Amino acid sequence: MSEPPAQIPPDSEILSPVEEEDPQVLQQTGEEAPIIPPQQPVRQSTQQRRMTARAMESIQQQDLDKAIIFSAEYYDQQLIAEEEIDRHMEDSIAFSASNNPDTLYYHQAMRQPDRDSFIQVIIKEVNRHIEGQHWEMVRKEEIPKGAKVLDAVWAFKKKQDIKTQQVYKHKERLDVHGGQQQYGINYFDTYATVVTWPLVWMALILSLLHGWYTRQIDFVMAYPHADIKHDLNMKLPTGIEANCGSDGEYILKLRKNIYGQKQARQVWYTHLKDGLLSSGFIMLEVDKCVFYRGRMMFLC
(Lines give C-alpha, C1' and ligand atoms only; values in the text may rest on other atoms or scores of the structure.)
Protein backbone atom coordinates (compact mmCIF):
# COMPACT_ATOMS: atom_id res chain seq x y z
CA MET A 1 0.00 0.00 0.00
CA SER A 2 1.55 3.27 -1.13
CA GLU A 3 2.01 6.22 1.28
CA PRO A 4 -0.13 9.34 0.71
CA PRO A 5 1.68 12.21 -0.96
CA ALA A 6 3.19 14.84 1.37
CA GLN A 7 1.10 17.97 1.80
CA ILE A 8 2.72 21.40 1.75
CA PRO A 9 1.56 23.40 4.78
CA PRO A 10 0.29 26.97 4.31
CA ASP A 11 2.74 29.88 4.34
CA SER A 12 1.81 30.77 7.94
CA GLU A 13 2.98 27.40 9.17
CA ILE A 14 6.27 27.35 7.27
CA LEU A 15 9.08 27.85 9.75
CA SER A 16 11.71 30.48 9.13
CA PRO A 17 15.36 29.65 9.85
CA VAL A 18 15.17 31.63 13.12
CA GLU A 19 11.96 29.92 14.17
CA GLU A 20 13.48 26.47 13.53
CA GLU A 21 15.90 27.14 16.37
CA ASP A 22 13.05 27.90 18.78
CA PRO A 23 12.42 24.69 20.90
CA GLN A 24 8.73 25.56 21.37
CA VAL A 25 8.10 25.76 17.64
CA LEU A 26 9.94 22.47 17.08
CA GLN A 27 7.76 20.75 19.67
CA GLN A 28 4.63 21.88 17.81
CA THR A 29 5.91 20.20 14.64
CA GLY A 30 6.55 16.99 16.51
CA GLU A 31 10.30 17.20 16.18
CA GLU A 32 12.59 16.86 19.15
CA ALA A 33 14.07 20.11 20.44
CA PRO A 34 17.85 20.24 20.05
CA ILE A 35 19.93 20.21 23.21
CA ILE A 36 21.95 23.45 23.57
CA PRO A 37 25.13 22.85 25.51
CA PRO A 38 25.80 25.37 28.34
CA GLN A 39 28.23 28.12 27.46
CA GLN A 40 31.60 28.06 29.16
CA PRO A 41 32.34 31.19 31.26
CA VAL A 42 34.82 33.52 29.68
CA ARG A 43 38.11 33.41 31.54
CA GLN A 44 39.66 36.73 32.39
CA SER A 45 43.37 37.07 32.62
CA THR A 46 44.66 37.96 36.10
CA GLN A 47 47.74 39.54 34.60
CA GLN A 48 47.73 43.33 35.08
CA ARG A 49 48.00 45.26 31.89
CA ARG A 50 50.91 47.64 31.66
CA MET A 51 50.77 50.94 29.85
CA THR A 52 53.20 51.19 27.03
CA ALA A 53 55.87 53.84 27.11
CA ARG A 54 54.35 55.54 24.07
CA ALA A 55 50.91 55.72 25.68
CA MET A 56 52.39 57.11 28.89
CA GLU A 57 54.29 59.80 26.98
CA SER A 58 51.09 60.73 25.14
CA ILE A 59 49.17 61.18 28.41
CA GLN A 60 51.98 63.22 29.95
CA GLN A 61 52.09 65.44 26.88
CA GLN A 62 48.32 66.00 27.14
CA ASP A 63 48.73 67.00 30.78
CA LEU A 64 51.45 69.46 29.81
CA ASP A 65 49.28 70.89 27.05
CA LYS A 66 46.45 71.41 29.55
CA ALA A 67 48.71 73.07 32.14
CA ILE A 68 48.32 76.84 32.41
CA ILE A 69 51.51 78.82 32.50
CA PHE A 70 50.71 82.00 34.39
CA SER A 71 52.30 85.10 32.96
CA ALA A 72 53.55 88.02 34.99
CA GLU A 73 50.49 90.03 33.99
CA TYR A 74 48.19 87.24 35.20
CA TYR A 75 49.94 87.11 38.56
CA ASP A 76 49.69 90.90 38.82
CA GLN A 77 45.94 90.53 38.45
CA GLN A 78 45.87 87.94 41.22
CA LEU A 79 47.87 90.16 43.54
CA ILE A 80 45.63 93.14 42.91
CA ALA A 81 42.50 91.00 43.41
CA GLU A 82 43.88 89.68 46.71
CA GLU A 83 44.77 93.18 47.83
CA GLU A 84 41.31 94.42 46.92
CA ILE A 85 39.67 91.71 49.02
CA ASP A 86 41.93 92.41 52.01
CA ARG A 87 41.29 96.11 51.94
CA HIS A 88 37.57 95.89 51.26
CA MET A 89 37.20 93.53 54.19
CA GLU A 90 37.77 96.57 56.37
CA ASP A 91 34.26 97.55 55.32
CA SER A 92 32.65 94.30 54.20
CA ILE A 93 29.23 95.92 53.67
CA ALA A 94 30.66 98.04 50.87
CA PHE A 95 32.52 95.12 49.33
CA SER A 96 31.77 94.57 45.65
CA ALA A 97 32.72 91.45 43.75
CA SER A 98 32.53 93.18 40.36
CA ASN A 99 35.59 94.33 38.48
CA ASN A 100 36.66 97.76 39.65
CA PRO A 101 38.14 100.06 37.00
CA ASP A 102 39.91 101.97 39.78
CA THR A 103 42.24 99.02 40.46
CA LEU A 104 45.27 99.64 38.28
CA TYR A 105 48.68 98.40 37.19
CA TYR A 106 51.68 100.70 37.08
CA HIS A 107 51.45 101.42 33.35
CA GLN A 108 47.71 102.10 33.70
CA ALA A 109 48.19 104.43 36.65
CA MET A 110 50.77 106.47 34.75
CA ARG A 111 48.20 107.08 31.99
CA GLN A 112 45.59 108.49 34.36
CA PRO A 113 44.83 112.23 34.55
CA ASP A 114 45.71 112.07 38.25
CA ARG A 115 49.04 110.31 37.66
CA ASP A 116 50.78 112.88 39.87
CA SER A 117 48.80 111.57 42.85
CA PHE A 118 50.03 108.05 42.11
CA ILE A 119 53.61 109.31 41.85
CA GLN A 120 53.29 110.85 45.30
CA VAL A 121 52.07 107.59 46.86
CA ILE A 122 54.90 105.70 45.12
CA ILE A 123 57.44 108.01 46.78
CA LYS A 124 55.65 107.60 50.10
CA GLU A 125 55.66 103.79 49.84
CA VAL A 126 59.33 103.55 48.92
CA ASN A 127 60.34 105.92 51.73
CA ARG A 128 58.42 103.80 54.26
CA HIS A 129 60.32 100.71 53.13
CA ILE A 130 63.63 102.55 53.34
CA GLU A 131 62.89 103.98 56.78
CA GLY A 132 61.81 100.56 58.04
CA GLN A 133 64.99 99.00 56.60
CA HIS A 134 62.92 96.41 54.78
CA TRP A 135 65.64 95.84 52.21
CA GLU A 136 69.26 96.50 51.40
CA MET A 137 70.45 97.64 47.99
CA VAL A 138 73.41 95.57 46.85
CA ARG A 139 75.28 94.95 43.63
CA LYS A 140 74.28 91.96 41.57
CA GLU A 141 77.71 90.39 41.83
CA GLU A 142 77.37 90.28 45.63
CA ILE A 143 74.57 87.71 45.61
CA PRO A 144 75.32 83.97 45.18
CA LYS A 145 75.72 82.80 41.62
CA GLY A 146 72.47 81.33 40.29
CA ALA A 147 70.29 83.04 42.91
CA LYS A 148 66.99 84.12 41.39
CA VAL A 149 66.05 87.81 41.42
CA LEU A 150 62.27 88.29 41.62
CA ASP A 151 60.34 91.06 39.92
CA ALA A 152 58.74 93.90 41.87
CA VAL A 153 55.01 94.47 41.28
CA TRP A 154 53.07 97.68 41.86
CA ALA A 155 49.37 97.57 42.79
CA PHE A 156 47.29 100.77 42.84
CA LYS A 157 43.78 101.59 43.97
CA LYS A 158 41.52 104.62 43.83
CA LYS A 159 39.29 104.74 46.89
CA GLN A 160 35.93 106.40 46.28
CA ASP A 161 33.31 107.80 48.58
CA ILE A 162 30.32 105.44 48.57
CA LYS A 163 27.75 108.23 48.32
CA THR A 164 29.42 110.75 46.00
CA GLN A 165 31.69 108.32 44.06
CA GLN A 166 34.42 110.93 44.34
CA VAL A 167 38.01 109.73 44.67
CA TYR A 168 39.26 110.73 48.11
CA LYS A 169 42.41 108.61 48.40
CA HIS A 170 45.05 106.94 46.22
CA LYS A 171 46.39 103.67 47.59
CA GLU A 172 49.47 101.73 46.61
CA ARG A 173 51.34 98.59 47.57
CA LEU A 174 54.68 97.24 46.49
CA ASP A 175 54.78 93.45 46.18
CA VAL A 176 57.43 90.93 45.32
CA HIS A 177 56.48 88.57 42.49
CA GLY A 178 55.68 85.45 44.52
CA GLY A 179 54.77 83.55 41.36
CA GLN A 180 58.49 83.33 40.59
CA GLN A 181 59.35 81.64 43.88
CA GLN A 182 60.44 78.00 43.89
CA TYR A 183 59.10 75.51 46.39
CA GLY A 184 61.79 74.01 48.58
CA ILE A 185 64.23 76.81 47.79
CA ASN A 186 62.70 80.06 49.00
CA TYR A 187 59.38 78.94 50.47
CA PHE A 188 57.81 75.94 52.20
CA ASP A 189 54.74 76.41 54.41
CA THR A 190 52.13 78.88 53.18
CA TYR A 191 49.00 78.13 55.25
CA ALA A 192 47.94 80.59 57.95
CA THR A 193 44.79 80.51 60.04
CA VAL A 194 42.42 83.47 59.73
CA VAL A 195 39.65 84.46 62.11
CA THR A 196 36.19 83.58 60.76
CA TRP A 197 33.32 86.03 60.42
CA PRO A 198 30.94 83.99 62.63
CA LEU A 199 33.48 84.28 65.45
CA VAL A 200 33.76 88.04 64.90
CA TRP A 201 29.97 88.37 64.95
CA MET A 202 29.73 86.32 68.14
CA ALA A 203 32.36 88.48 69.85
CA LEU A 204 30.54 91.66 68.82
CA ILE A 205 27.19 90.30 70.06
CA LEU A 206 28.74 89.38 73.42
CA SER A 207 30.29 92.82 73.68
CA LEU A 208 26.87 94.40 73.13
CA LEU A 209 25.19 92.15 75.68
CA HIS A 210 27.82 92.65 78.38
CA GLY A 211 28.85 96.22 77.57
CA TRP A 212 32.42 95.31 76.63
CA TYR A 213 34.73 97.87 75.08
CA THR A 214 35.79 96.95 71.53
CA ARG A 215 38.48 98.38 69.31
CA GLN A 216 39.76 97.58 65.83
CA ILE A 217 43.51 97.69 65.27
CA ASP A 218 44.88 98.31 61.80
CA PHE A 219 48.60 97.60 61.37
CA VAL A 220 50.29 99.93 58.89
CA MET A 221 52.34 97.75 56.52
CA ALA A 222 51.59 94.74 58.71
CA TYR A 223 53.54 92.00 56.93
CA PRO A 224 56.92 93.82 56.87
CA HIS A 225 56.87 93.92 60.68
CA ALA A 226 58.11 90.33 60.54
CA ASP A 227 61.59 89.31 59.44
CA ILE A 228 61.91 87.47 56.17
CA LYS A 229 62.01 83.70 56.49
CA HIS A 230 64.04 82.78 53.39
CA ASP A 231 66.64 84.68 51.41
CA LEU A 232 64.96 86.65 48.63
CA ASN A 233 66.26 89.19 46.14
CA MET A 234 64.05 91.64 44.27
CA LYS A 235 64.63 93.91 41.28
CA LEU A 236 64.32 97.67 41.68
CA PRO A 237 60.62 98.63 41.38
CA THR A 238 59.48 100.20 38.15
CA GLY A 239 59.81 103.98 38.33
CA ILE A 240 62.63 103.86 40.91
CA GLU A 241 66.22 104.62 39.92
CA ALA A 242 69.47 104.11 41.80
CA ASN A 243 71.39 107.23 42.76
CA CYS A 244 74.69 105.71 41.71
CA GLY A 245 75.42 103.51 38.71
CA SER A 246 72.84 102.01 36.37
CA ASP A 247 69.66 100.33 37.54
CA GLY A 248 70.79 96.98 36.18
CA GLU A 249 73.79 96.91 38.52
CA TYR A 250 71.76 96.88 41.75
CA ILE A 251 69.11 94.68 43.31
CA LEU A 252 67.26 94.71 46.63
CA LYS A 253 68.14 92.07 49.20
CA LEU A 254 64.99 91.71 51.30
CA ARG A 255 65.24 91.83 55.09
CA LYS A 256 61.56 91.98 55.99
CA ASN A 257 58.44 90.03 55.07
CA ILE A 258 57.42 92.04 51.98
CA TYR A 259 53.92 91.58 50.57
CA GLY A 260 53.45 89.23 47.63
CA GLN A 261 55.43 86.24 48.90
CA LYS A 262 53.66 82.90 48.96
CA GLN A 263 54.47 82.50 52.65
CA ALA A 264 53.91 86.16 53.63
CA ARG A 265 50.63 85.57 55.47
CA GLN A 266 52.00 82.56 57.34
CA VAL A 267 55.15 84.45 58.40
CA TRP A 268 53.06 87.41 59.64
CA TYR A 269 50.73 85.17 61.66
CA THR A 270 53.68 83.41 63.30
CA HIS A 271 55.26 86.77 64.15
CA LEU A 272 52.01 88.09 65.63
CA LYS A 273 51.35 84.88 67.58
CA ASP A 274 54.85 84.86 69.08
CA GLY A 275 54.48 88.50 70.08
CA LEU A 276 51.14 87.92 71.79
CA LEU A 277 52.37 84.84 73.64
CA SER A 278 55.48 86.67 74.85
CA SER A 279 53.20 89.46 76.13
CA GLY A 280 51.31 87.06 78.38
CA PHE A 281 48.37 86.21 76.11
CA ILE A 282 47.05 82.64 75.97
CA MET A 283 45.97 81.08 72.69
CA LEU A 284 42.55 79.41 72.68
CA GLU A 285 43.01 75.69 72.01
CA VAL A 286 39.89 75.34 69.86
CA ASP A 287 40.68 78.39 67.72
CA LYS A 288 44.24 79.56 67.05
CA CYS A 289 43.02 83.01 66.05
CA VAL A 290 41.72 83.86 69.53
CA PHE A 291 44.05 85.03 72.32
CA TYR A 292 43.10 86.21 75.80
CA ARG A 293 44.82 87.72 78.83
CA GLY A 294 42.77 88.37 81.94
CA ARG A 295 39.64 90.18 80.78
CA MET A 296 41.10 91.07 77.38
CA MET A 297 40.43 89.10 74.18
CA PHE A 298 42.33 89.51 70.92
CA LEU A 299 41.10 88.25 67.52
CA CYS A 300 43.48 88.11 64.60
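**Student:** Can you tell me about the environment of V267, naming the residues and giving the values?
**Tutor:** For V267, the position within the fold is in helix 8 (residues 264-278). With a relative accessible area of 8%, V267 lands in the buried category. A C-alpha to C-alpha distance of 6.9 Å links V267 and A226, two positions 41 residues apart in sequence.

**Student:** Which residues make up the pairing of strand 4 (residues 152-160), and what are the values?
**Tutor:** For strand 4, the buried fraction is high: seven of the nine residues fall into the buried class. As paired strands, strand 1 (residues 103-104) and strand 4 are joined by two bridges and run antiparallel to one another. Residue pairing in the sheet places L104 in a bridge with F156 of strand 4. Pairing geometry for strand 4 and strand 5 (residues 167-176), over nine bridges, is antiparallel. In the sheet register, Q160 faces strand 5, and the bridge partner there is V167. Hairpin remark: strand 4 followed by strand 5, antiparallel, with six residues in the connecting loop; positive phi at Q165, about 60°.

**Student:** I'd like a description of helix 6 (residues 115-131), backed by residues and values.
**Tutor:** Between its first and last C-alpha, helix 6 extends 24 Å over 17 residues, near the 24 Å set by a 1.5 Å rise per residue. Listing the buried residues of helix 6 in full gives F118, V121, I122, E125, V126 and H129. Buried residues of helix 6 fall within an arc of 135° about the axis and therefore sit on the same side. Facing away from the buried side of helix 6 by over 90 degrees, the exposed positions are D116, Q120, K124 and E131. Of the surrounding secondary structure, the elements contacted by the buried residues of helix 6 are strand 1, helix 5 (106-109), strand 2 (135-139), strand 4 and strand 5. Positive backbone phi, approximately 55°, marks Q133, located one or two places after helix 6.

**Student:** Just give me the short version of the sheet that holds strand 9 (residues 290-293), but keep the residues and values in it.
**Tutor:** Taken in spatial order, the three strands of this open sheet run 8-9-10, and their pairing is antiparallel. Two strands in the sheet have a free side with no partner beyond their single neighbour: strand 8 (282-283) and strand 10 (296-299). Looking at chain direction, strand 9 and strand 10 are connected through four bridges and run antiparallel. What sits directly across from F291, in strand 10, is F298.

**Student:** I'd love a proper account of the packing of aromatic side chains, names of residues and values included.
**Tutor:** Taken as a whole and assessed by the stated rule, the structure comprises ten aromatic pairs. Summarising the aromatic geometry, the rings of W154 and F156 are spaced 5.7 Å apart at their centres and angled 20° between planes, so their arrangement reads as stacked. Residue W154 is classed as buried on the basis of its relative accessible area, which comes to 4%. Judged by relative accessible area, which is 0%, F156 ranks as buried. Linked through ring pairs, Y106, F118, W154 and F156 together constitute an aromatic cluster.

**Student:** An account of the sheet that holds strand 6 (residues 233-234) is needed here, citing residue identities and associated values.
**Tutor:** Taken in spatial order, the four strands line up as 2-7-6-3 in an open sheet, and their pairing is mixed. A strand with exactly one partner marks an edge of an open sheet, and here the two such strands are strand 2 and strand 3 (149-150). In the sheet, strand 2 pairs with strand 7 (residues 250-254) via five bridges, with the strands oriented antiparallel. Within strand 7, the residue paired with R139 across the bridge is Y250.

**Student:** Describe the nonpolar core, and please don't skip the residues or the numbers.
**Tutor:** Ranked by internal contacts, the top residues of the largest apolar core, which has 23 residues, are F118, W135, F156, M234 and L254. Contributions of two or more residues to this core are made by helix 6, strand 4, strand 5 and strand 7. Ranked by the residues each element gives to this core, the list is headed by helix 6, at four residues. Not counting chain neighbours up to four residues away, the residues in contact with F118 comprise L104, A109, M110, Q112, F156, K157, K158 and H170. The next biggest cluster of nonpolar side chains, apart from the first, holds twelve residues, and it includes Y223, A264, W268 and Y269.

**Student:** Can you explain the pairing of strand 7? Please cite residues and give values.
**Tutor:** Counting buried positions along strand 7 yields four of five residues, so the element is predominantly enclosed. The pairing of strand 6 with strand 7 spans two bridges and is classified as antiparallel. Across the sheet, residue N233 finds its bridge partner in strand 7, namely K253.

Rules behind the numbers
For every chain, the first residue of the written sequence is number 1, and numbering continues from 1 onward in sequence order. It should be noted that, the model being predicted, local features are given only for residues of pLDDT at least 70 and side-chain atom pairs only at 80 or more, the latter also being counted only at that level, while totals for whole chains, interfaces and linings use all residues. Side-chain measures here rest on the full set of heavy atoms in the structure, leaving out hydrogens and waters. Helix numbers and strand numbers start at the N terminus; a helix is a DSSP run of H or I with at least 4 residues, a strand a run of E with at least 2. Exposure classes here rest on a 1.4 Å probe applied to the protein chains alone. A residue is buried below 20% of its type maximum, exposed above 50%, and partly exposed in between. Note: two strands are recorded as paired if DSSP finds a minimum of 2 bridges between them. By definition here, a helix of n residues has an expected span of 1.5 Å times n minus one. It is the directions from the helix axis to the C-beta atoms whose arc is reported. Contacts are assigned to residue pairs that have any heavy atoms within 4.5 Å of one another. Stacked, edge-to-face and tilted labels apply to pairs of Phe, Tyr and Trp rings (six-membered ring for Trp) whose centres lie within 6.5 Å, assigned for plane angles under 30 degrees, over 60, and everything in between, in that order. Each nonpolar core is a collection of buried residues, namely Ala, Val, Leu, Ile, Met, Phe, Trp, Tyr and Cys, held together in the definition by side-chain atoms within 4.5 Å.

Remember, this is a structural readout, not a statement about activity or role.
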